[in-house]
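# Summary of the model geometry
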Amino acid sequence: MINNKILYSKNYFKNTKNKIKKKIFFIKKKFNIKPTIVILQIGNNKSSNIYIKKKCKIFKYVGIKYIIYKYISISEKKIIKIISKINKDNKIHCLLIQLPLPKEINENNIINKINPKKDVDGLHPYNIGKLSKGNPYIRPCTSFGVMELLKYYKINIKGLNALIIGSSNLVGKPMYMELLNYGCTVTITNSKTKNIKKHINNADILISAIGKYNIYPTKWIKKNSIIIDIGINKINGIIKGDINFNKIIKKVKYITPTPGGIGLMTISILLKNIFKIYIKNLIN
């Protein structure tokens, strides 16, 4: 049945948020301390506004206190000063930099200034380094979300040829490390990659994270492969992934839907990361 091929994440997300809500309730009752996160937003990106609104609604539901620092225009120097203050504030457990940042701001400079122990997105060089060593502390939300979804459905990908389309610091590179640590043979492509058709033909598991809809023909995709679609595109007012879902569904073994797939997994891991940092803070 086609439905058995679709890797929905709704139940994982529901279970995660309800478990964390219960745990926070009991821990707060004992210590009278709420997990607290600062969301730092620079500019007025419409998509970012929507994502933040969704996140905050979930934070409120599970009992996470959130503070939004929003600046339409601010210098890099001032952002770093704000981050320094947040790093030193023991009442703030986590810091989330809402990406993307405006082009005039150096993203790496900003992320590098976050206290790695408050880096809820897992993108600080310390956390990326720990992941690359196979000994992760805080793991990037989307890539770890992919691994958790495969685990949830008991899909063993050890030894498979994995292809990642898109080499961003946010998704592609952490995804590469997650798959490598798990035991896949991993190829990662970028805009300079030659003969991408050959790579797609050879992929047992294909992860697309470029945010461009239907740019490679479905006939290139290997039969009975696993498709993890991380891309988000708005086509005629409808949210779609990178892959033409309706065209490929009968050909593949498993596929994530958009929406209802990796997006919910990303939020699930964000909640887990916040809770992990919160507990570490209470213990220490």
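Residues numbered from 1 in each chain as written. Predicted model: local features only at pLDDT ≥ 70, side-chain atom pairs only at ≥ 80, totals over all residues. Heavy atoms only, no water.

### Quick look at the nonpolar core
Side chains that are nonpolar tend, in soluble globular proteins, to be buried together. Core analysis: the biggest nonpolar cluster contains 49 residues, and Leu 150, Ile 157, Leu 179 and Ile 228 have the highest contact counts within it. Considering every element that reaches this core, the biggest residue donor is helix 10 (residues 262-283), with 10 residues. Setting aside residues up to four positions removed in sequence, Leu 150 forms contacts with Leu 7, Ile 155, Ile 157, Ile 205, Ile 226 and Ile 228. Membership of the second largest hydrophobic core comes to 18 residues, among which are Leu 40, Ile 97, Ile 105 and Ile 110. (Core = buried A, V, L, I, M, F, W, Y, C linked by side-chain atoms within 4.5 Å. Buried < 20%, exposed > 50% of the residue type's maximum accessible area, 1.4 Å probe, protein only. Helix = DSSP H or I, 4+ residues; strand = E, 2+ residues; numbered from the N terminus. Contact = heavy atoms within 4.5 Å.)

### Some words on the environment of Tyr 216
As for its placement among the helices and strands, Tyr 216 is situated in the loop between strand 6 (205-208) and strand 7 (226-229). Once the C-alpha coordinates of Tyr 216 and Asp 242 are considered, the two residues, 26 residues apart in sequence, prove to be 9.1 Å apart. At 2.4 Å, the side chain of Tyr 216 and the side chain of Ser 208 are in polar contact. (Polar contact = N/O pair within 3.5 Å; in protein donor to acceptor, adjacent residues only side chain to side chain.)

### Here's the deal with the layout of surface pockets
To find leftover empty space, one rolls a probe the size of a water molecule over the atoms. One number sums up the size of the second largest pocket: a volume of about 320 Å³. Lining the second largest pocket are 15 residues; nearest its centre among them are Tyr 12, Thr 16, Ile 20, Lys 23 and Lys 272. For the lining of the second largest pocket, the secondary-structure elements that each account for two or more residues are helix 1 (10-31), helix 6 (141-152) and helix 10. Tallying contributions element by element places helix 1 first for the lining of the second largest pocket, with six residues. Here the lining of the second largest pocket is composed, by residue class, of seven nonpolar, three polar and five charged. (1 Å grid on protein atoms, 1.4 Å probe; cavity = no way out; pocket = protein on both sides within 12 Å on 5 of 7 lines; lining within 4 Å. Points joined across faces, edges and corners; volume = space filled by probe spheres on them. Nonpolar A, V, L, I, M, F, W, Y, C, P; charged D, E, K, R; others polar.)

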